[in-house]
Structures are given as structure tokens and as C-alpha cells.
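Topology and contacts: notes
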Amino acid sequence: MRDPASTRGRSRRLAVSLSATIATLAAVILAAPPVSASAGAPGVTVVANHLDNPRGLSFDRAGRLYIAEAGHGGSVCLGAGPEGPQCAGRTGAVSVLWHGHLRTVVDHLASVAAPDGTAAEGMVAVSAHRGRVYGQMALHSAVVPPDAPSGAVVRALRHQLGRTLAISRNGSWSVVASTGNVDYRWTDHHKYLQPDQFPDANPNAITTVGRTHYVADAGANLIAKVDARGHVSTLTYLQVPRGSATDAVPTCVAPAPDGSLYVGELLGGSYEPGHARVWRIVNGHATVKWRGFTGIQGCGFDRRGNFYVTQFQTNGMFGPDPAGAVVRITPSGHRTVLGAGSLFLPSGFAYHDGAVYVSNWSTMPAHNSGGPTGQVVRIHVG
């Protein structure tokens, strides 16, 4: 994703997935009074609180909700880049919510954030499928500065960032694929597509179909395909109209009932509200399905074939207003806004048993001195 002021060198930074403006916004609201997620819209309930930069969500067949927590960085600071200082630690995790009880499945994962713990990158997505759980780490190994201090934290950054992980219920994990690194190399070989930004990579979402994983890469502007052997290929690259101010920034990918993939994007070529699009991908060929969204971060289907997107900032990306929403789109294209007044910087999405679940205050750490912390909220949809 391009910075409107300066795009050179962005691919070699340790940064938040959206922009310096999001980090600034997060810092401004860090000390804000907490907002009740049930206060603004009927049928919205907080089901988990005090989460650490919660992002992607996924239910397994038994009804367990897995939550990707990007962490809050740590004490190993890596210097100031275009988006300010970044500090790293091993504070990322995957948690599971089951019958109202929250527990940690795996922890001590690599995390990078602003010094105050906001706008972290690390474990950003999770996919529960056929009794197995997979996670997706953001960024790629090359973002770690060559002169970064030695130690366990920096080793974790180099060995975990950008990786697709298989996660065991006993807390162990293994690397399935170096997806972010492969995407980074792909963009290095295709610099002509975005000569002012590439090479770059920042995986943001994962979904699993059969034995294949599909990863939305917000930095490389592509959907990656990871097969059962861990081989990574580019399924499709998402274009923006010639002359656009920015790029597509795909942020979520979801399997549709008809076997296609639906992809939501953050920007769609413009920083102005209403320019984000939803794509439909069939056999690697992408076409725009719907237009007119703002800052899509999560997406998915319900049992009736309705499609949902979470809008990170409904009133315009990178502005001072953290208000977000969920938009439901019927198969005929009719749209309904859900959760307005109760959602703030929402990100991940999951559907289960007549309700949608959204990670709320998704750029907030677990501890915030009375201010908002990461949440998961439930919205009843029937």
C-alpha cells in the first residue's frame, strides 16, 4: 500500500499494515474512555475483552472460536522508520473461546508494534478447518533490519514473519510455508506492476479449502495459493485503474457457496470513502463483484449465502473517526449496515449459528489503563 506523501522504501520497513495514520489514530484513542459495545446497536454483545490487537477469527466444526492476536510488540526497539519507532517482542498468540471461556492455544509468537503496543503486526489471521488450525503471520523476513540486535526476539522475527503455521491444540506449531517471503520475491520479479513500492509483502488473511490455503497479501496485492506440500504460488494479482492514487490492498478472502473465492480490499485505488471493492475469483480469474465500500478488513458468508464485510473506518480511512461497521450483502446485492455505533476499528469476521463475530478495537493492546482494549463482539443476525 502506498503512502500518499512518500512511497519510496516502504517495503523495507517494520510497519503497521495500514499506514502511519492508523498508528497515530490508535495512539490518540489509546487513552480514550472505554466504549460499551452493546451501547450503540441492538443485538451487539462483547464476548471477549482485554485481547491483544485481535485480528482474524475462525470457528471450527464444534463451535470453538479461534482468535488471532497480533500481540503488543515488546522491549526490543528497531529504530524509527517512515511510520515511527517500532518495538518487537514475542507477545503474539492464538486464543480460543469455547462456552464463554477464553484460553491461549499458542503464545510467544513474534510481534511488532508501536512503543505503546498499538497497531501490532504478527499473528494476523487464523483458519480452523477439518479439525486442524492454521495461522498466518504478517510481513516477511526482509523487513528485519540487517543490524537489528541479536537475540531470541530478532531470531523469532526472521523465522516467523510471513509464515503460514499449522497449530496444535497442545501449544506447538510448525511452518507450513514461507508465504510472505515467497510473495516478496514475486513482487521483486514484478516490479513493473508497482515500481514505486515493490518488492513488498504483508499477508493479512487466510482461508482453507480442502487441503489448500488461500492468503490475501495486502502488501503484494495478490492472493497466494499454498498447496498441501507447502508450495506457494500466485493465484491472482489485483489491479487498480490506471492513474489511481493507491493500490488495491486485499485484506480478506472467503470461499463462496458456489466454489469461487470472494476478496475484500482496503482501498481499491483511492483513499476516499466508497472506493473499496469486493472481487470474485474463479479459476484464478478475478472480476469486481461489488463496489462502494470503505476500508474492508474482514469478510465471509453465512449459511444463507449472504456475504459480509467489516469496514475498518466507515467514514473514511486514515481520518480521526474510529467508527466502523459490518455490511451484509444478499445474493441479489441488497445491503444492510450492522453494528453502527458499536464497532470501532473492527477487523476479523466469522459467522456461526445465526450470529456474526467481529474483532473490535483491533489495533488496541490488552492493557490500556482504562481505555479501549481488543475485543470480540457478537452480532445476532438470525
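First things first, this report covers the structure right here in the doc. Nothing here was measured: the structure is a model prediction, and the numbers come from that model. Along each chain, numbering runs from 1 in the same order as the chain's sequence is written. This being a predicted model, a pLDDT of at least 70 is required before a residue's local features are given, and a value of 80 or more before pairs of side-chain atoms are given or counted; all residues contribute to the totals for chains, interfaces and linings. Each side-chain value is worked out from all heavy atoms of the structure, with water and hydrogens disregarded.

Examining the packing of aromatic side chains
The criterion, for reference: Each aromatic pair joins two rings of Phe, Tyr and Trp (for Trp, the six-membered one) with centres within 6.5 Å, and gets the label stacked for planes under 30 degrees apart, edge-to-face for over 60, and tilted for any other angle. Only DSSP runs of H or I with at least four residues qualify as helices, and only runs of E with at least two residues qualify as strands; both kinds are numbered from the N terminus onward. Relative accessibility decides the category of a residue: with a 1.4 Å probe and only protein chains considered, values under 20% of the type maximum give buried, values over 50% give exposed, and everything between is partly exposed. Charge over a ring is defined by NZ of Lys or CZ of Arg lying within 6 Å of the ring centre and within 35 degrees of the ring normal.
Enumeration over the complete set of coordinates arrives at eleven aromatic pairs. Relative to phenylalanine 349, the ring of tyrosine 308 has its centre 5.3 Å away and its plane inclined at 25°; by these criteria the two rings are stacked. Here tyrosine 308, found in strand S20 (residues 307–311), pairs with phenylalanine 349, found in strand S23 (residues 349–352); they are 41 residues apart in sequence, far enough to count as distant. Plain terms: the ring middles of phenylalanine 344 and tryptophan 361 are 5.0 Å apart, the flat faces sit at 15° to each other, and that makes the pair stacked. Of this pair, phenylalanine 344 sits in the loop between strand S22 (335–338) and S23 while tryptophan 361 is found in the loop between strand S24 (355–360) and strand S25 (374–380), placing the two residues 17 residues apart along the sequence. For the pair shown, phenylalanine 344 and tryptophan 361 are each scored as buried. Ring pairs connect the aromatic residues Tyr262, Trp290, Phe301 and Phe307, which therefore count as one cluster. Across from the ring centre of tryptophan 98, 5.0 Å away, lies the NZ or CZ of arginine 64, which sits over that ring.

Focus: the state of the cysteines
Between two cysteines, a covalent bond joining their sulfur atoms is known as a disulfide. Selection rule: Cysteine sulfurs are considered disulfide-paired once they come within 2.5 Å of each other.
What the rule picks out here adds up to two disulfides. Residue pairing for cysteine 77: its cysteine sulfur links by disulfide to cysteine 87, the two sulfurs lying 1.9 Å apart. Of note, the bridge from cysteine 77 to cysteine 87 carries an S-S torsion of about 90° and is right-handed in sense. Of the two residues, cysteine 77 sits in strand S4 (residues 76–81) while cysteine 87 sits in strand S5 (residues 84–98), which places them ten residues apart along the sequence. Looking at cysteine 77, the relative accessible area reads 47%, which means it is partly exposed. Residue cysteine 87 is classed as buried on the basis of its relative accessible area of 2%.

What about the sheet that holds S25?
As a reminder of what qualifies: Pairing between two strands requires that DSSP report at least two bridges joining them. Every angle, taken between N-to-C directions, lies between 0 and 180 degrees, and every axis is a line fitted to C-alpha atoms, over only the stretch in contact when it is a helix.
As summarised here, the arrangement of the four strands in space is S1-S25-S24-S23, forming an open sheet in which the pairing is antiparallel. Of all the strands in the sheet, the pair left with one neighbour each is strand S1 (44–51) and S23. Strand-to-strand twist in this sheet, taken as the mean axis angle between neighbours without regard to direction, amounts to 20°. Strand direction decides the pairing type here: S1 and S25, joined by five bridges, are antiparallel. Counterpart to valine 44 in the pairing with S25 is isoleucine 379.

Here's the deal with the pairing of S5
Sheet topology places strand S3 (residues 65–69) next to S5; five bridges connect them, and they run antiparallel. Looking at S5, one finds that alanine 68 is bridged to valine 94. Pairing of S5 with strand S6 (residues 101–113) involves nine bridges; the strand directions are antiparallel. In the strand pairing of S6, leucine 97 is matched with leucine 102. Hairpin geometry of S5 and S6 is characterised by an intervening segment of two residues between the two adjacent antiparallel strands and by a positive phi of about 55° at histidine 99.

Focus on unusual backbone geometry
The residue after phenylalanine 198, namely proline 199, is reached through a cis peptide bond having omega 10°. Secondary-structure assignment places proline 199 in the loop between helix H3 (179–189) and strand S11 (203–209). Of note in this structure, asparagine 283 is not a glycine but carries a positive phi near 55°. Residue asparagine 283 is classed as exposed on the basis of its relative accessible area of 81%. At phenylalanine 318, a position not held by glycine, the phi torsion is positive, near 70°. One can find phenylalanine 318 in the loop between S20 and strand S21 (325–329).

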